[in-house]
Amino acid sequence: DSGVTQTPKHLITATGQRVTLRCSPRSGDLSVYWYQQSLDQGLQFLIQYYNGEERAKGNILERFSAQQFPDLHSELNLSSLELGDSALYFCASSVVELGSQYFGPGTRLTVL
Amino acid sequence: KNEVEQSPQNLTAQEGEFITINCSYSVGISALHWLQQHPGGGIVSLFMLSSGKKKHGRLIATINIQEKHSSLHITASHPRDSAVYICAVSGAGSYQLTFGKGTKLSVIP
């Protein structure tokens, strides 16, 4: 158990819908990262927050947004869902930026 | 953009064998990570290194900055080592990780 929690574990929804994935980092970790893992693209970095501020942005679609709240938990919002958004979404946290990252168990999103 | 190449893509070994997985990258980095992804999907960070060598139990990771290459070694492999091993790098001055496609390791009893 890494200490990083993600909810929900599984999510099945329809195209065009909007979902919110939640991540709670390890106690004391200020940095949160979001990743997408799909069968064809592998693992891809989406976005990183540090103590509430966005610090780096990767291949995140405009339909996706994220934020980190004052209690350091983070949410990833995915809207206007498409079939291709079906993937595993991981959250990770670290104490400092560029530190070792601890991964959550992931949320498996299925868009039908 | 950094390109991360791993080899081999798939590896089958007999229990007890010494295993090496390689990772090469194309541009300068601030750190290299080795991750392990279990069949159930969970990801565990094994090592983060920017120079030299690190050891944890039966796992050893080395990096050669000049050659832009890293290796992950597993000594006395065991069936529970069966997993996908993923190399990832963060570019110089960047917090963004770029991932290799992974090496699927199967250790047979």
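What comes next is a walk through the structure.

Definitions and limits used
- Residues numbered from 1 in each chain as written.
- Chains lettered and ligands numbered in written order.
- Predicted model: local features only at pLDDT ≥ 70, side-chain atom pairs only at ≥ 80, totals over all residues.
- Heavy atoms only, no water.
- Pairing = 2+ DSSP bridges.
- Helix = DSSP H or I, 4+ residues; strand = E, 2+ residues; numbered from the N terminus.
- Axes fitted to C-alpha atoms, helices over the stretch in contact; angles between N-to-C directions.
- Disulfide = S-S within 2.5 Å.
- Buried < 20%, exposed > 50% of the residue type's maximum accessible area, 1.4 Å probe, protein only.
- Phe/Tyr/Trp six-rings, centres within 6.5 Å; stacked < 30°, edge-to-face > 60°.
- Lys NZ or Arg CZ within 6 Å of the ring centre and 35° of its normal.
- Contact = heavy atoms within 4.5 Å.
- Buried area = accessible area lost by both parts, 1.4 Å probe.
- Polar contact = N/O pair within 3.5 Å; in protein donor to acceptor, adjacent residues only side chain to side chain.
- Nonpolar A, V, L, I, M, F, W, Y, C, P; charged D, E, K, R; others polar.

**What about the sheet that holds strand β1 (residues 4-7) of chain B?**
Residues and elements named next belong to chain B. Spatially, the five strands line up as an open sheet ordered β1-β3-β8-β7-β6, and their pairing is antiparallel. The open sheet is flanked by β1 and β6 (52-56), the only strands paired with a single partner. Pairs of neighbouring strands in the sheet enclose a mean axial angle of 15°, with direction left out of account. Pairing of strand β7 (residues 59-64) with strand β8 (residues 69-74) involves six bridges; the strand directions are antiparallel. Across the sheet, N64 pairs through a bridge with H69, a residue of β8.

**Focus on the state of the cysteines**
Residue and element names in this part refer to chain B. Counted according to the given criterion, the structure contains two disulfides over all chains. Residue pairing for C23: its cysteine sulfur links by disulfide to C87, the two sulfurs lying 2.0 Å apart. Its S-S torsion of approximately -60° makes the covalent link between C23 and C87 left-handed. Within this pair, whereas C23 is found in strand β3 (residues 19-25), its partner C87 is found in strand β9 (residues 83-91), the two being separated by 64 residues in sequence. Residue C23 shares its accessibility class with C87, and that shared class is buried.

**Topic: the packing of aromatic side chains**
Given two aromatic rings, their pairing is described by the distance between the two centres and the angle made by the two planes. By the definition in use, this model includes six aromatic pairs over all chains. Here the aromatic rings of A:Y33 and A:Y35 are separated by 6.4 Å at their centres, their planes lie at 15°, and the arrangement is stacked. Judged by its relative accessible area of 1%, A:Y33 is buried. Look at A:Y35 and you get buried, because its relative accessible area is 0%. Grouped by ring-pair contacts, the aromatic residues A:Y33, A:Y35, A:F45, A:F90, A:F103 and B:F99 constitute a single cluster. Positioned above the aromatic ring of A:Y102, the side-chain terminus of A:R26 is 3.6 Å from the ring centre.

**Remarks on the sheet that holds strand β8 (residues 74-78) of chain A**
All names here are of chain A. On the basis of which strands lie adjacent, the open sheet formed by four strands has the order β1-β3-β8-β7 and antiparallel pairing. Looking at the sheet topology across the chains shown, the edges are occupied by β1 (5-7) and β7 (64-68). Averaged over all pairs of adjacent strands, the angle between strand axes in this sheet comes to 15°, irrespective of strand direction. In terms of strand pairing, strand β3 (residues 19-24) meets β8 through five bridges, oriented antiparallel. If you follow R22 over to β8, its bridge partner there is E75.

**Comments concerning the interface of chain A and chain B**
Opposite the 19 residues of chain A that make contact, chain B presents 15 residues. Both faces considered, chain A and chain B share a buried interface measuring about 1,500 Å² in area, 63% of it formed by carbon and sulfur atoms. On the chain A side of the contact with chain B, A:L43, A:L98 and A:F103 bury the most area, a combined 39% of that side's loss. Here chain A is connected to chain B by one residue pair in polar contact (both at pLDDT 80 or more). Among the elements of the structure, β4 (31-38), β5 (42-50), β6 (53-57) and β9 (87-94) of chain A are those that each provide at least two residues to the side of chain A that touches chain B. Here the side of chain A that touches chain B takes four residues from β5(A), the largest share from any one element. When its residues are assigned to classes, the side of chain A that touches chain B shows nine nonpolar, seven polar and three charged.

Everything listed here is a matter of geometry and, on its own, says nothing about what the molecule does.
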